[in-house]
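One letter stands for each residue in the lines below.
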Amino acid sequence: MKYITYVFIGFFFGIIMYKSEAASWFRIYEMFEFGSFHMYGIIGSALLIGVLGVQIIKRKNIKAMGGQEMQLNPKEMSIPRYLIGGIIFGLGWALAGACPGPMYVLAGSGYISILVVIAAALFGTFVYGLLRHKLPH
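In this text, all values refer to a predicted model and were calculated from it rather than measured experimentally. (Residues numbered from 1 in each chain as written. Predicted model: local features only at pLDDT ≥ 70, side-chain atom pairs only at ≥ 80, totals over all residues. Heavy atoms only, no water.)

Q: So what's going on with the side chain of S36? Residues and values would help.
A: Counting through the fold element by element, S36 comes out in the loop between α2 (25–32) and α3 (38–60). A polar atom in the side chain of S36 sits 3.2 Å from the backbone nitrogen of H38. (Helix = DSSP H or I, 4+ residues; strand = E, 2+ residues; numbered from the N terminus. Polar contact = N/O pair within 3.5 Å; in protein donor to acceptor, adjacent residues only side chain to side chain.)

And the structure:
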């Protein structure tokens, strides 16, 4: 029964992504050309809400849904981690025209060709899992 909450959150997220045109290839292309503020506004507002949400969770000591303590530990800062990871993520986003969230929204919208991108993303995640211990973290 607790997983129903996650399903509803996923549906709500998908509807918001679709209706705001954040899953639109045209909007993503327009963003990379600096042609419109639309996507920057969406990303910026998500960043602001995320930062505020984490601060509220930390200050009010809010528990997870199961009652366990939230573990919001800071990551180790390193240039290779963010530079290499950001480049790989950005190249994938530019080539596919979608980042991970909108990929599933596009699949739900009936764009069957995005299943190739989802399969490639899952394969890349699998390969990362195999190579993780050899990478600079």
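From this point, the narrative continues.
Q: Quick rundown of the nonpolar core? Include the residues and the values.
A: Considering soluble globular proteins, one finds that nonpolar side chains tend to be buried as a cluster. Counting residues in each nonpolar core, the largest one holds 14 residues, and the members touching the most others are M39, W93, M103, L106 and I114. Taken together, the elements giving at least two residues each to this core come down to α2, α5 (100–108) and α6 (114–131). Broken down by element, the residue count for this core peaks at three residues, all from α5. Ignoring any residue separated from it by four or fewer positions in sequence, one finds I114 in contact with M103, L106 and A107. (Core = buried A, V, L, I, M, F, W, Y, C linked by side-chain atoms within 4.5 Å. Buried < 20%, exposed > 50% of the residue type's maximum accessible area, 1.4 Å probe, protein only. Contact = heavy atoms within 4.5 Å.)

Q: Go over the packing of aromatic side chains, please, and point to the residues and values.
A: Under the defined criterion, the tally for this structure stands at five aromatic pairs. With a centroid separation of 5.0 Å and an interplanar angle of 15°, the aromatic rings of W25 and Y29 are classed as stacked. In this pair, W25 and Y29 are both assigned in helix α2, four residues apart and thus about one turn of the helix distant. A centroid spacing of 6.1 Å and a plane angle of 5° characterise the contact between F34 and Y40, whose relative ring orientation is stacked. Owing to a relative accessible area of 69%, F34 belongs among the exposed residues under this scheme. Judged by its relative accessible area of 32%, Y40 is partly exposed. Through a chain of ring-to-ring contacts, the aromatic side chains of F32, F89 and W93 assemble into a single cluster. (Phe/Tyr/Trp six-rings, centres within 6.5 Å; stacked < 30°, edge-to-face > 60°.)

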